[in-house]
Amino acid sequence: MPGFEKFDDAERKEVQEVLETGVLFRYGFDAARQGRWKALEFEKAFSERLGVRHCHLCASGTAALSIALAACGIGAGDEVIVPPFTFVATVEAVLFAGAVPVFAEIDETLCLDPGAVEKAFTERTRAVVVVHMCGSMAKIDALSALCRKRGVTLIEDACQSVGATFQGKALGTFGRMGCFSFDPVKTITCGEGGAVVTDDETLYRVAAGFADHGHDHEGTDRGREGHPFLGTNFRISELNAAVGLAQLKKLDTFLAIQRAHKEKLVERLRSFPNVTLRQIPDEAGDSATFLSFFLPDEAAARKTTAALAEKGVDGCFYWYDNNWHYLRQWDHIKSLKAPARLPIMLVEPRPDYHSVHLPRSDAIMGRTISMQIKLSWTDADLENRLDAMARVFDEMG
Ligand SMILES: *Cc1c(COP(=O)(O)O)cnc(C)c1O
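Residues numbered from 1 in each chain as written. Predicted model: local features only at pLDDT ≥ 70, side-chain atom pairs only at ≥ 80, totals over all residues. Heavy atoms only, no water.

Q: Would you mind going over the overall build of the chain in detail, with residue names and values included?
A: A tally of helices and strands in the chain yields 13 helices and 13 strands. Compactness check: the chain gives a C-alpha radius of gyration of 21 Å against a globular reference of 21 Å for 397 residues, within 12% of the reference. Along the first, second and third principal axes, the C-alpha atoms of the chain reach 70 × 55 × 40 Å. Within the chain, the proportion of its 397 residues that are buried is 56%. In the chain, once contacts between residues fewer than 6 apart in sequence are set aside, the share between residues at least 24 apart is 68%. Accessible surface for the chain amounts to roughly 16,600 Å². Of this, 52% is attributable to carbon and sulfur atoms. Within the chain, one finds 45 positive and 55 negative side-chain charges whose respective centroids are separated by 1 Å. (Helix = DSSP H or I, 4+ residues; strand = E, 2+ residues; numbered from the N terminus. Rg over C-alpha atoms; globule rule 2.2 N^0.38 Å. Buried < 20%, exposed > 50% of the residue type's maximum accessible area, 1.4 Å probe, protein only. Contact = heavy atoms within 4.5 Å. Areas by Shrake-Rupley, 256 points an atom, 1.4 Å probe, with all protein chains shown as cover. Lys, Arg positive; Asp, Glu negative; His and termini not counted. Charge placed at Lys NZ, Arg CZ, Asp CG, Glu CD.)

So this is what it looks like as structure tokens:
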């Protein structure tokens, strides 16, 4: 990761084709666009790649989450179980849907723990948003079985895990809807973009409509199209879709590079007794955008993070102190600070996020370091990195 490391003529050509027609809008203008439909083409290719019936390409991964929640009928006062380790967007989308985030513990997969999710269910639980963090996966089989049993909607936030699979099936295709991000730092990028996928045609239609002011997209005259329901504008432009189309064709190459790099890192890490690897339910399906590992305790993890930085091993994240990815540092979310009053303010009793206590997640995140796996590393880069890491871990004992 990320895709922006590998831009070339392929992206330029796709974008140029859009600029030549001047049609930047994804709908209509049939004559002027000369058969160029970049968003549509991306949606077809992405559905095929994932083995899912429908895809709607949209403005961002955050928009994808909002679209999925809306299409699945999640709204005012509904409880949605989410992990405390994710990018803030997952929680924002739930809050702006008018729903109530309920945090449940993660396990050593760094994703929601099925047992903890079960304990977090109440009569108001309407959905679980499982986040496949850092390129790998949650125990998605257990989570889908649990949600099916309880009649609760499962939505997958696979924004960080495009191309990853569990037992051969693409992440994002286990829940009622799956969400992806193609923002500038994701595995493949549109510049800005996102997607929702589903096997359910009705959900797809609602999703595509909701992302475009409720349009039914039937007929050829946009001005005369029906609006079966309200929506908003979460559309992507043809320029962004064009970049994404070129990147999508490189996805398998990117995955192969990442996996090869990861294998070399893992091989070396296994020889250090104080380092244990993140649990990965299906190793073969890991997209290998990150290598995540545990140190024995928080003090060792902090020390190691500092030592790695000092030895020039860049791209290592200690999420426990990071402002974007772990609940501990999210004061603005815990205080529900928004420019305007949020619907959750009307929920009785109002949830108190300052008192959320997740000791198991704290213990795991306090020990976790994730190393970003770059596409652009040369063999020499990788050797230098391995040597520097070995020095750090040797010193740690
Ligand atoms: C990046 C990301 C998002 C949001 O995607 P954007 O395209 O940046 O809006 C949502 N969830 C997770 C887990 C992400 O990493």
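Q: Just give me the short version of unusual backbone geometry, but keep the residues and values in it.
A: The step from Glu348 to Pro349 runs through a cis peptide bond, and the omega angle for that step is -10°. The residue Pro349 is located in the loop between helix H11 (331-334) and helix H12 (359-367) in this model. Not every positive phi belongs to a glycine, and Phe29 is a case in point at roughly 50°. One can find Phe29 in the loop between helix H1 (9-21) and helix H2 (38-50). Given the relative accessible area of 54%, Phe29 is considered exposed. Of note, Leu336 is a non-glycine position whose phi angle comes to about 50°, a positive value. Along the chain, the position of Leu336 falls in the loop between H11 and H12.

Q: Lay out the sheet that holds strand E5 (residues 153-157) in plain terms, naming residues and giving numbers.
A: Reading across from one edge, E1-E9-E8-E5-E4-E2-E3 is the order of the seven strands in this open sheet, with mixed pairing throughout. At either end of the open sheet lies a strand with only one pairing partner, and these are strand E1 (54-58) and strand E3 (100-103). Taking the axes of each pair of neighbouring strands and ignoring which way they run, one obtains an average angle of 25° across the sheet. Docked against the sheet, helix H4 (residues 89-96) engages strand E2 (79-82), E3, strand E4 (125-131) and E5, running at close to 140° with respect to E3. Packing against the sheet, helix H7 (residues 201-210) makes contact with E1, strand E8 (177-181) and strand E9 (194-198), and its axis sits at approximately 15° to E1. (Pairing = 2+ DSSP bridges. Axes fitted to C-alpha atoms, helices over the stretch in contact; angles between N-to-C directions.)

Q: Any details on the pattern of salt bridges? Residues and values, ideally.
A: Evaluated as defined, the whole model comprises 29 salt bridges. The partner of Arg302 in a salt bridge is Glu298, and the shortest N-O contact between them spans 2.9 Å. Of this pair, Arg302 and Glu298 both sit in helix H10 (residues 298-310), four residues apart, which is roughly one turn of the helix. You can call Arg302 partly exposed: its relative accessible area is 32%. A cluster of three or more residues bridged by salt bridges with shared partners is formed by Lys13, Glu14, Glu17, Lys38 and Lys249. (Salt bridge = Lys/Arg side-chain N within 4 Å of Asp/Glu carboxyl O.)

Q: Break down the site of the ligand for me, with residues and values.
A: Neighbouring residues of the ligand: 16 residues in total, closest Gly61, Thr62, Ser181, Asp183 and Lys186. Here an oxygen atom of the ligand and a backbone polar atom of Gly61 are 2.7 Å apart. For the ligand, whose unbound accessible area comes to 380 Å², protein coverage reaches 94%. Looking at the shell around the ligand, the elements with two or more residues in it are helix H3 (61-71) and H4. For the shell around the ligand, the element with the most residues is H3, which contributes three residues. Of the residues contributing to the shell around the ligand, the split by class is five nonpolar, eight polar and three charged. (Near = heavy atom within 4 Å. Polar contact = N/O pair within 3.5 Å; in protein donor to acceptor, adjacent residues only side chain to side chain. Nonpolar A, V, L, I, M, F, W, Y, C, P; charged D, E, K, R; others polar.)

Q: Tell me what's going on with the packing of H2 against helix H8 (residues 238-248), and back it up with residues and numbers.
A: How two helices pack is summed up by the angle between their axes together with the distance between the axes. Close contact between H2 and H8 brings their axes to 8 Å; oriented N to C, the two are set at 35°. In the packing of H2 onto H8, the handedness of the crossing is left-handed. Facing Lys38, Ala39, Glu41, Phe42, Ala45 and Phe46 of H2, the residues of H8 in contact are Glu238, Ala241, Ala242, Gly244, Leu245 and Leu248. A class-by-class count of the residues in the contact of H2 with H8 yields eight nonpolar, one polar and three charged. (Left-handed = near helix turned anticlockwise from the far one by under 90°.)

Q: Before we move on, could you go through the domain arrangement of the chain and cite the residues and values that matter?
A: Looking at the chain, the domain boundaries give domain 1 (3-251) and domain 2 (252-396). Summarising the inter-unit geometry, the C-alpha centres of domain 1 and domain 2 are found 24 Å apart. Contact with domain 1, which involves 49 residues of that partner, is made by 50 residues of domain 2. For the pairing of domain 1 and domain 2, the buried interface totals around 4,100 Å² over both sides, and the portion due to carbon and sulfur atoms is 63%. Here domain 1 is connected to domain 2 by three salt bridges. Ionic pairing is found between Glu108 and Arg360, a salt bridge with its closest N-O pair at 3.2 Å. Linking domain 1 to domain 2 there are 26 residue pairs in polar contact (both at pLDDT 80 or more). Those elements that provide at least two residues to the side of domain 1 that touches domain 2 are H4, E3 and strand E6 (165-166). Its residues assigned to classes, the side of domain 1 that touches domain 2 shows 24 nonpolar, 15 polar and 10 charged. (Domains from an automatic or database assignment. Buried area = accessible area lost by both parts, 1.4 Å probe.)

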